[in-house]
Amino acid sequence: MRQPGATVGSDTDKRERIIKRVVRELRNGFYVNLGIGMPTLVANHVPPGIEVILQSENGMLGLGEYPVAGSEDADLINAGKETITEVPGSSYFSSAESFAMIRGGHIDLSILGAMEVDEKGSLANWMIPGKVVKGMGGAMDLVASARRVIVTMEHTSKAGAPKILKQCSLPLTGFAVVESVVTELGFMRITPEGIVLEEIAPGLTVEDVQAVTEAKLIPSPTLKSMDL
């Protein structure tokens, strides 16, 4: 059996494949929250002709692309404490107002990273028992309140272990909250019947993807290539 992860290149190549696929889910007028880590790369890949408002829970609407080296403004940061840029019309406010937006159901789409997702759409992304963490951040509010939640993550851990499971083993961020999962190997939708594999990376078979997925995958009748 081929090793699927080896077919999509380096970690950078994998992330670019994932981000290029997830931005196809953006729609004009969406208010979108980007989670810490890989999801923040979405700001650099918003498709031409699509206008979305990116929100950061530390108190900003209107995030732009990452700054060019040498032009960083240390006062402009996202929730992951990375320097960012602003777009025309950007606004700033307190964390209280930011979470009022989130808890009030005003976020159309939340794109989050994950350590585990299971076949019910439950998500674990905030801690590993025994390791020091600063806190859960805003993920629990986002998965409970955003109109749609998409997870972007590499398909397996660095050790090669599946991250799409029958049941999450780590502490949950939310139960049955994820609508779709994008990895370098495919696009999957969580349904009451299970995880439907709707798109697959070029050159792979369903068997390749299933081999590195603990949960049972249901190939879509209209399964297609995850062309970018």
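This one's a predicted model, so the numbers in the text were calculated from it and none came from an experiment.

**Student:** What exactly am I supposed to notice about empty space enclosed by the protein here?
**Tutor:** Empty space left among the atoms is revealed by rolling a probe the size of a water molecule over them. For the structure shown, the criterion picks out one cavity of 30 Å³ or more. Roughly 80 Å³ of internal volume is contained in the largest cavity. Forming the walls of the largest cavity are Leu34, Thr40, Ala43, Ser56, Leu63, Gly64, Tyr66, Asn78, Ala79, Gly80 and Ile84.

**Student:** Explanation requested: unusual backbone geometry in the structure shown.
**Tutor:** A negative phi holds for most residues other than glycine; trans holds for most peptide bonds. Residue Lys81 is not a glycine yet carries a positive backbone phi of 65°. Mapped onto the elements, Lys81 comes out in the loop between strand E3 (60-63) and strand E4 (86-92). Of the residues examined, Lys81 reaches a relative accessible area of 62% and is grouped as exposed. Look at Ala176: it is not a glycine, yet its phi comes out positive at around 55°. Note that Ala176 resides in the loop between strand E9 (164-165) and strand E10 (180-183).

**Student:** How should I be thinking about the sheet that holds strand E7 (residues 123-124) in this particular structure?
**Tutor:** Each strand in a sheet pairs with another by means of backbone hydrogen bonds, the pair being arranged parallel or else antiparallel. With mixed pairing, three strands are arranged side by side in an open sheet as E7-E6-E9. Of all the strands in the sheet, just E7 and E9 have a single pairing partner and so form its edges. Pairing of strand E6 (residues 116-118) with E7 involves two bridges; the strand directions are antiparallel. Opposite Val117, over in E7, you have Leu123 as the bridge partner.

**Student:** How should the sheet that holds strand E12 (residues 194-200) be read in this particular structure?
**Tutor:** Ordered by their spatial adjacency, ten strands build an open sheet running E4-E3-E2-E1-E5-E8-E10-E11-E12-E13, and the pairing between neighbours is mixed. The open sheet has two free edges, formed respectively by E4 and strand E13 (217-225), since each of these has just one partner strand. Shown here is a sheet whose adjacent strand axes are inclined to one another by a mean of 25°, direction ignored. Taken together, the three bridges between strand E1 (residues 31-34) and strand E2 (residues 53-56) define a ladder with parallel strand orientation.

**Student:** Just checking my understanding: could you explain helix H1 (residues 11-22) for this structure?
**Tutor:** Because an α-helix completes one turn every 3.6 residues, residues spaced three or four positions apart along the sequence face the same direction. Over its twelve residues, H1 extends 17 Å from the first C-alpha to the last, a length consistent with the 16 Å expected when each residue adds 1.5 Å. For H1, the set of buried residues is Lys14, Arg17, Ile18, Ile19, Arg21 and Val22.

**Student:** Would you mind going over the layout of surface pockets with me for this structure?
**Tutor:** By volume, the second largest pocket amounts to about 280 Å³. Lining the second largest pocket are 17 residues, and of these Val52, Ile53, Leu54, Leu63 and Val87 lie nearest its centre. Secondary structure elements with two or more residues in the lining of the second largest pocket: E2, E3 and E4. Ranked by residues supplied to the lining of the second largest pocket, first place goes to E4 with four residues. In the lining of the second largest pocket, the residues fall into ten nonpolar, five polar and two charged.

**Student:** Would you mind showing me how to read the environment of Thr222 here?
**Tutor:** Looking at where Thr222 falls in the secondary structure, it is placed in strand E13. Of note is the side chain of Thr222, whose polar atom sits 3.1 Å from the side chain of Ser220.

**Student:** Teacher, can you tell me more about the packing of aromatic side chains here?
**Tutor:** Aromatic ring pairs are reported here in terms of the distance separating the ring centres and the angle at which the planes meet. Considering all chains together, one arrives at zero aromatic pairs under this definition. Positioned over the ring face of Phe187 is Arg21, at 4.1 Å from the centre of the ring.

**Student:** Even after reading the chapter, I still don't get the nonpolar core, so can you show me in this structure?
**Tutor:** Burial of nonpolar side chains together is a common tendency in soluble globular proteins. The biggest cluster of nonpolar side chains holds 29 residues, and the ones touching the most others in it are Val117, Leu123, Val151, Val178 and Val181. Taken together, the elements giving at least two residues each to this core come down to helix H2 (95-103), helix H3 (139-145), strand E8 (149-152), strand E11 (186-191) and E12. With three residues, the top contributor of residues to this core is E12. In contact with Val117, other than residues within four places in its own chain, are Ser122, Leu123, Val151, Met153, Lys163, Ile164, Leu165, Cys168, Val178 and Val181. Counting residues in each nonpolar core, the second largest holds 22 residues, with Ile18, Val22, Ala43 and Ile111 among its members.

Rules used in this analysis
- Residues numbered from 1 in each chain as written.
- Predicted model: local features only at pLDDT ≥ 70, side-chain atom pairs only at ≥ 80, totals over all residues.
- Heavy atoms only, no water.
- 1 Å grid on protein atoms, 1.4 Å probe; cavity = no way out; pocket = protein on both sides within 12 Å on 5 of 7 lines; lining within 4 Å.
- Points joined across faces, edges and corners; volume = space filled by probe spheres on them.
- Helix = DSSP H or I, 4+ residues; strand = E, 2+ residues; numbered from the N terminus.
- Buried < 20%, exposed > 50% of the residue type's maximum accessible area, 1.4 Å probe, protein only.
- Pairing = 2+ DSSP bridges.
- Axes fitted to C-alpha atoms, helices over the stretch in contact; angles between N-to-C directions.
- Expected span 1.5 Å × (residues − 1).
- Nonpolar A, V, L, I, M, F, W, Y, C, P; charged D, E, K, R; others polar.
- Polar contact = N/O pair within 3.5 Å; in protein donor to acceptor, adjacent residues only side chain to side chain.
- Phe/Tyr/Trp six-rings, centres within 6.5 Å; stacked < 30°, edge-to-face > 60°.
- Lys NZ or Arg CZ within 6 Å of the ring centre and 35° of its normal.
- Core = buried A, V, L, I, M, F, W, Y, C linked by side-chain atoms within 4.5 Å.
- Contact = heavy atoms within 4.5 Å.

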